[in-house]
Amino acid sequence: MKRTSGRILELLGLFQARVEWTAPELAERLEVTVRTVRNDVARLRELGYPVHGVRGRAGHYRLGVGAKLPPLLLDDEEAVAVAVGLRTVTGVAGFEESGARALTKLEHVLPDRLRRLLAAVRETTAAGPVNTDSNVEDPVVRPGVLTEIAAAIRDRRGLRAFYRDGQRVEFEPYRLVAWQRRWFVVGRDPGTGDWAPYRVDWLTLRLPGGRGFAPAEPPGDLTDLVVREVARTGWAVHARLAIEAPAEEVLARINPTVGVVEPRPDGRSVLVTGGDSLEVVAVWIGMLGLDFSVESPPELTAHLRVLAERYAAAAGL
């Protein structure tokens, strides 16, 4: 017979994998007697798991909601951090099923207060396509900020914040989007009706938040809006490049989510793109494999001169 501790964990796993089990079914899966199943259910209840039993011909056991978190002993912020991490993992190839399964199990045993909060995070977020990495350290976003924004989206409550260099903003939040290891919240300006993505790590929320709002119809897919608009507004460095090739050829060489390509009458095109550093932008341009000239910013031109001298020296020129 399996050791009691191992059997208890296996029993808990069965309850989290399926809603209802009869005692004979559990006994067969655990290779024990029905009496042992009853004793193990009693031990789970002592640990804080609300296992409900229904007697009669249709009798069964089921794991209720609102349990405490033994034996993990996670506090509120740790539980939110784990759930957000699992939400991100579900968008990584090879981890979709296992990440979603683990997230479901975690939410099932959380107290109602945390479960509703994490459900808000899960239901109001989406992940954009991954393209390339950056040489800039990932920004830190506190779990409490994400959950506050998620709750505002869920409750249709406006947000007030300082943005980047102290600019005051107030908007109606609609969607959290994770893209390129950054978090964005898509918001609508109630005064102008304009839609825009806001980088969460550039937001300092002001409490209390804004007023409640009636939802408006979004201008298409909000994840697409983020990956389209970030090229113009969401990077630390923005670049405008004249490309010696038609727009169709440029679009065939890049992920269309990392820049906006504008055709020119003379057969050339303009690429508007950006990144979190001059180095990153320079790498992206080099990977394009086409002749170009920099229209802005001048700092990028100076950085490319440095790279040109460095590469020329490396080539012995």
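Residues numbered from 1 in each chain as written. Predicted model: local features only at pLDDT ≥ 70, side-chain atom pairs only at ≥ 80, totals over all residues. Heavy atoms only, no water.

Brief notes about the pattern of salt bridges
All chains considered together, the criterion is met by 13 salt bridges. Glu148 serves as the salt-bridge partner of Arg157, at 3.2 Å between the closest nitrogen and oxygen. The shortest N-O distance in the salt bridge between Arg268 and Asp266 comes to 3.0 Å. Classification of Arg268 by relative accessible area gives partly exposed; the value is 25%. (Salt bridge = Lys/Arg side-chain N within 4 Å of Asp/Glu carboxyl O. Buried < 20%, exposed > 50% of the residue type's maximum accessible area, 1.4 Å probe, protein only.)

Things to note about the confidence of the model for the chain
In this model, the chain carries a mean pLDDT of 82, and residues with pLDDT of at least 70 account for 85%. Low pLDDT (under 50) marks residues 91–95, which in the prediction has 3 contacts with non-local residues, meaning those over four places away or in another chain. (pLDDT = per-residue confidence, 0-100. Contact = heavy atoms within 4.5 Å.)

Re the nonpolar core
Within the largest apolar cluster, 30 residues are counted, with the highest numbers of intra-cluster contacts made by Ile149, Leu176, Val185 and Leu203. Counting only elements with at least two residues in this core, the list comes to α4 (76–89), α5 (96–108), α6 (112–123), α7 (143–155), β5 (159–163), β6 (167–179) and β7 (182–188). Each residue touching Leu203, except ones within four places of it in the same chain, is listed here: Ile149, Ala161, Phe162, Tyr163, Val169, Phe171, Val185 and Tyr198. (Core = buried A, V, L, I, M, F, W, Y, C linked by side-chain atoms within 4.5 Å. Helix = DSSP H or I, 4+ residues; strand = E, 2+ residues; numbered from the N terminus.)

A short note on the packing of aromatic side chains
Two aromatic rings are characterised by how far apart their centres lie and by the angle between their planes. Here the structure, examined in full by the defined rule, presents 5 aromatic pairs. On the numbers, 5.5 Å between centres and 40 degrees between planes, the contact of Tyr174 with Phe213 is tilted. One end of the pair, Tyr174, is in strand β6; the other, Phe213, is in the loop between β9 (203–206) and α8 (222–233), and 39 residues separate them in sequence. With respect to class, Tyr174 is no different from Phe213; both count as buried. Cation over ring: Arg164 sits above Trp202, and NZ or CZ is 3.8 Å from the ring centre. When the ring centre of Phe162 is taken as origin, the NZ or CZ atom of Arg206, which lies over that ring, is 5.1 Å away. (Phe/Tyr/Trp six-rings, centres within 6.5 Å; stacked < 30°, edge-to-face > 60°. Lys NZ or Arg CZ within 6 Å of the ring centre and 35° of its normal.)

Observations regarding the side chain of His303
Within the secondary structure, His303 sits in helix α11 (residues 298–314). In this view, His303 contacts Leu278, Glu279 and Ala282; residues no more than four positions away in its chain are not counted.

Focus: the environment of His108
Following the sequence through the fold, His108 ends up in helix α5. Among the residues examined, His108 registers a relative accessible area of 25% and is labelled partly exposed.

Side note on unusual backbone geometry
Looking along the chain, the bond that leaves Leu207 and enters Pro208 is cis, with omega of 0 degrees. With respect to the helices, strands and loops of the structure, Pro208 is situated in the loop between β9 and α8. A cis geometry characterises the amide bond from Ser296 onward to Pro297, with omega recorded as 0 degrees. Within the secondary structure, Pro297 is located in the loop between β13 (292–296) and α11. Positioned with a positive phi, Glu31 is a non-glycine residue whose angle comes to about 60 degrees. Tracing the sequence through the fold places Glu31 in the loop between α2 (23–30) and α3 (34–46). Its identity as a non-glycine residue notwithstanding, Arg156 has a phi of 55 degrees, on the positive side. Residue position: Arg156 is located in the loop between α7 and β5.

Here's the deal with the sheet that holds β13
Pairing is antiparallel across the open sheet formed by 4 strands, whose spatial order is β11-β12-β10-β13. Looking at strand neighbours, the two that pair on one side only are β11 (259–263) and β13, the edges of this open sheet. Across the sheet, the mean angle separating the axes of adjacent strands is 25 degrees when strand polarity is ignored. In this structure, strand β10 (residues 237–243) lies alongside strand β12 (residues 269–275), joined through 7 bridges in antiparallel fashion. Counterpart to Ala242 in the pairing with β12 is Val270. Its contacts with the sheet place helix α10 (residues 278–288) against β10, β12 and β13, and it is angled at close to 140 degrees to β12. Most of the contacts of α11 go to β13, to which it runs at about 140 degrees, and overall it touches β10 and β13. (Pairing = 2+ DSSP bridges. Axes fitted to C-alpha atoms, helices over the stretch in contact; angles between N-to-C directions.)

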